[in-house]
Amino acid sequence: CPPKTSVTKIDLTSIPRMSGTLIDNLHMLTNLHRLNLMKNNIRGTVPESFSELKKLEFLDVSENRMTSQLPRNLPSALEEVWFENNSFTGQIPNDFDRFKNLRFIYMSNNQFTGTIPMYFTEMTRLNSLVLAGNKLTGSIPDFHSEEMDVLDFSDNNLTGLPNILPPDLSEL
């Protein structure tokens, strides 16, 4: 059976009794723009095959039981990523700097370690960066973006305040 390439959105938010792991063949939905799987009982990790979802702009797997590290090579078309309230581990992937359209990053309440990557400070379209409730260390870098509205680094092991904050910041 050929893939159904006309599917552009999947929203399976809060489905009672939905559990298990993410299937690896979602990449066959070549026109998928939005994938919302929040508030379920999904475990495991984001499959590497998600890198083949070239048109994916919105990915939300928050409030599940996801573990392991985030995969490298997520689709570069992403504008919003929601990985909150899971058990992702390791450092924040070093390839997020290639997301030129990324506006919202919500990765709070996981087990991320390491420092806040400097490339976040150079993402000109970034509006919200929420990394609260992890195990991040080091200092908070300077953010220059005029688009930045929300920075949340609470409940980490960070030191000091940045020297430069965005002019229109409404929440820190």
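Below is a short write-up of the structure.

The rules behind the values
Residues numbered from 1 in each chain as written. Predicted model: local features only at pLDDT ≥ 70, side-chain atom pairs only at ≥ 80, totals over all residues. Heavy atoms only, no water. Helix = DSSP H or I, 4+ residues; strand = E, 2+ residues; numbered from the N terminus. Buried < 20%, exposed > 50% of the residue type's maximum accessible area, 1.4 Å probe, protein only. Contact = heavy atoms within 4.5 Å. Lys, Arg positive; Asp, Glu negative; His and termini not counted. Charge placed at Lys NZ, Arg CZ, Asp CG, Glu CD. Pairing = 2+ DSSP bridges. Axes fitted to C-alpha atoms, helices over the stretch in contact; angles between N-to-C directions.

## Regarding the overall build of the protein
For the protein, the helix and strand inventory stands at zero helices and 14 strands. In the protein, the succession of α and β elements from N to C terminus is β-β-β-β-β-β-β-β-β-β-β-β-β-β. Here the protein, with 172 residues, has 48% of them falling under the buried criterion. Of the contacts made within the protein by residues no fewer than 6 positions apart, 35% connect residues no fewer than 24 positions apart. Taking the average place of the 15 positive charges on the side chains of the protein and the average place of its 21 negative ones, the gap between the two points comes to 11 Å.

## Brief notes about the side chain of Asn36
Within the secondary structure, Asn36 sits in strand S3 (residues 34-36). The residues touching Asn36, leaving out its near neighbours within four places in the chain, are Ile10, Asp11, Leu12, Thr13, Phe58 and Asp60.

## Things to note about the environment of Lys39
Along the chain, Lys39 falls in the loop between S3 and strand S4 (41-44). Taking the C-alpha atoms as reference, Lys39 lies 30 Å from Thr121; in sequence the two are 82 residues apart. Look past the residues within four positions of Lys39 in its chain and what remains in contact with it is Ser14, Ile15, Ser62, Glu63 and Asn64.

## Remarks on the sheet that holds strand S12 (residues 135-139)
Strand order in this open sheet of seven strands is S2-S4-S6-S8-S10-S12-S14, and the pairing throughout is parallel. The open sheet has two free edges, formed respectively by strand S2 (19-21) and strand S14 (157-159), since each of these has just one partner strand. If you compare each strand with its neighbour and ignore which way they point, the axes differ by 20° on average. As paired strands, strand S10 (residues 111-114) and S12 are joined by two bridges and run parallel to one another. Looking at S12, one finds that Gly114 is bridged to Leu136.

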